[in-house]
Amino acid sequence: MTKIKQITGLSNALALKAADADVVKKANNLSDLNPAAVRANLALYSQSEVNSILSGTTHAYSVADLAARSALAGLKATDRVFVSNDGDGKWALYIVSAITNGLGSTSTFRKIADEDIFANALTAEAVKTAYESNANTYAFSGAQKAKLDNITVATAVDLDNIRDNALAAYNQANNSMSVAQDAYNGLINKSDLFIESRAVFTGIIAEANMEFQLSLEFPVKQDSVPIVFINSDFVILSRFDANDNQIYLTVPYLVEGDDVITVIYKYAA
């Protein structure tokens, strides 16, 4: 009996609470709340406030042609209008620079881009210049292509192997050159030790078959034999001493003062 009374009391209390103005009712869909206070508490904007904020923003439109642009309404300054056919079959982009009543027919439009400007800005020369301005990109000329055209590779080539063989050949050639240079330097050094000289004598008088003496400027090098001509005749020496500058001649005819005696000999440097 006590439980029944408790349940009855609870039901009555709930019914009274449901009639209370402070209780939010599901059926009212929150209409019994103060919208402004709720938005303020939740930091939310109303629809009218959002529309007011967006009323000054720029809009973009896309139309088929200039006639469709003139038919636009609700335009604002700085709105963008893309026209697919600007009268020449090409697209154009306009900005609304001034308005009167928001109609396209009474607004002022300024063209900021069109297909011709875009295409002309992307010339082959401009693209080439822009590309080659990047790091690690280089111009490729016709002269360079012509050089590459001269290279014919019919089968697969192992460039590493070619490089190694070329390097080995280079090293071998370099070694051979060093050996040749050393040999050349040796010859130069040796040639510097043996210098050839030519002595010319006139005014010498000698009887036939009588030995006479000539004094050279330098001593005759050991293991070398002077060559002697009287005028154009070859003459064999009678005798000479190595490392001495005296040589001796005997000829079977009279040597006169106008005869020219030429001695070619080597001496040590």
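Our structure is the block above this text.
Residues numbered from 1 in each chain as written. Predicted model: local features only at pLDDT ≥ 70, side-chain atom pairs only at ≥ 80, totals over all residues. Heavy atoms only, no water.

Take the side chain of Asp 114 next. By the secondary structure assignment, Asp 114 is in strand 4 (residues 108-114). Here the side chain of Asp 114 touches Asp 116 through a polar contact of 3.3 Å, landing on its backbone nitrogen. A polar contact of 2.8 Å, which involves the side chain of Asp 114, links it to the backbone nitrogen of Ile 117. Filtering out sequence-adjacent residues up to four positions away, Asp 114 remains in contact with Trp 91 and Ala 92. (Helix = DSSP H or I, 4+ residues; strand = E, 2+ residues; numbered from the N terminus. Polar contact = N/O pair within 3.5 Å; in protein donor to acceptor, adjacent residues only side chain to side chain. Contact = heavy atoms within 4.5 Å.)

Under the counting rule described, the total for this entry stands at eight salt bridges. Between Lys 128 and Glu 132 there is a salt bridge, and its shortest N-O distance comes to 2.9 Å. Of the two residues, Lys 128 and Glu 132 are both situated in helix 6 (residues 124-132); the distance of four residues between them amounts to about one turn of the helix. The exposure class of Lys 128 is partly exposed, given its relative accessible area of 44%. Across the salt bridge formed by Asp 149 and Lys 145, the nearest N and O atoms sit 2.9 Å from each other. In this pair, Asp 149 and Lys 145 are both assigned in helix 7 (residues 142-149), four residues apart and thus about one turn of the helix distant. The class for Lys 145 is partly exposed, based on a relative accessible area of 43%. A single salt-bridge network, built from bridges that share partners, covers Asp 86, Lys 111 and Asp 114. (Salt bridge = Lys/Arg side-chain N within 4 Å of Asp/Glu carboxyl O. Buried < 20%, exposed > 50% of the residue type's maximum accessible area, 1.4 Å probe, protein only.)

This structure, assessed with the given rule, holds five aromatic pairs. Here Tyr 265 and Tyr 267 contribute two aromatic rings whose centre-to-centre distance is 6.2 Å and whose plane-to-plane angle is 45 degrees, an arrangement assigned as tilted. Three or more aromatic residues joined by ring pairs make a cluster, and in this case those are Phe 218, Tyr 265 and Tyr 267. Geometry around Tyr 94 places Arg 69 over its ring, the cationic atom sitting 4.6 Å from the centre. The side chain of Arg 69 reaches across the aromatic face of Phe 109, ending 4.1 Å from its centre. (Phe/Tyr/Trp six-rings, centres within 6.5 Å; stacked < 30°, edge-to-face > 60°. Lys NZ or Arg CZ within 6 Å of the ring centre and 35° of its normal.)

Think of a sheet as strands paired side by side through backbone hydrogen bonds, with each pair either parallel or antiparallel. Here we have four strands laid out as an open sheet, ordered 1-2-3-4, and mixed in their pairing. Among the strands making up the open sheet, the edge pair consists of strand 1 (60-65) and strand 4. Averaged over all pairs of adjacent strands, the angle between their axes in this sheet comes to 30 degrees, without regard to strand direction. The pairing of strand 3 (residues 92-98) with strand 4 spans six bridges and is classified as antiparallel. (Pairing = 2+ DSSP bridges. Axes fitted to C-alpha atoms, helices over the stretch in contact; angles between N-to-C directions.)

Moving on to the sheet that holds strand 6 (residues 212-215). One open sheet holds the three strands; their spatial order is 6-10-9, and the pairing between them is antiparallel. Both edges of this open sheet fall to strand 6 and strand 9 (237-240), since each of them pairs with a single strand only. With direction set aside, neighbouring strand axes in the sheet form an average angle of 30 degrees. Across three bridges, the pairing between strand 9 and strand 10 (residues 246-249) is antiparallel. Bridge pairing in strand 10 links Arg 239 to Tyr 248.

Moving on, we come to the nonpolar core. Residues Ile 261 and Val 263 are the most contacted members of the largest nonpolar core, which totals 19 residues. Elements with a minimum of two residues in this core: strand 5 (194-201), strand 6, strand 7 (227-230), strand 10 and strand 11 (261-268). Here the element with the most residues in this core is strand 11; it accounts for four residues. Once you skip the residues sitting within four places of it in the chain, Ile 261 turns out to touch Ala 199, Val 200, Phe 201, Ile 204, Phe 212, Leu 214, Val 228, Phe 229, Ile 230, Leu 249 and Val 255. Among the nonpolar cores identified, the runner-up in size contains nine residues, and Leu 75, Val 83, Ala 92 and Phe 109 belong to it. (Core = buried A, V, L, I, M, F, W, Y, C linked by side-chain atoms within 4.5 Å.)

This paragraph deals with unusual backbone geometry. Despite not being glycine, Thr 78 has its phi angle at roughly 80 degrees, a positive value. Tracing the backbone through its elements, the reader meets Thr 78 in the loop between helix 4 (66-70) and strand 2 (80-85). The phi angle at Asn 243 is positive, at roughly 65 degrees, despite the residue not being glycine. Mapped onto the elements of the fold, Asn 243 is located in the loop between strand 9 and strand 10.

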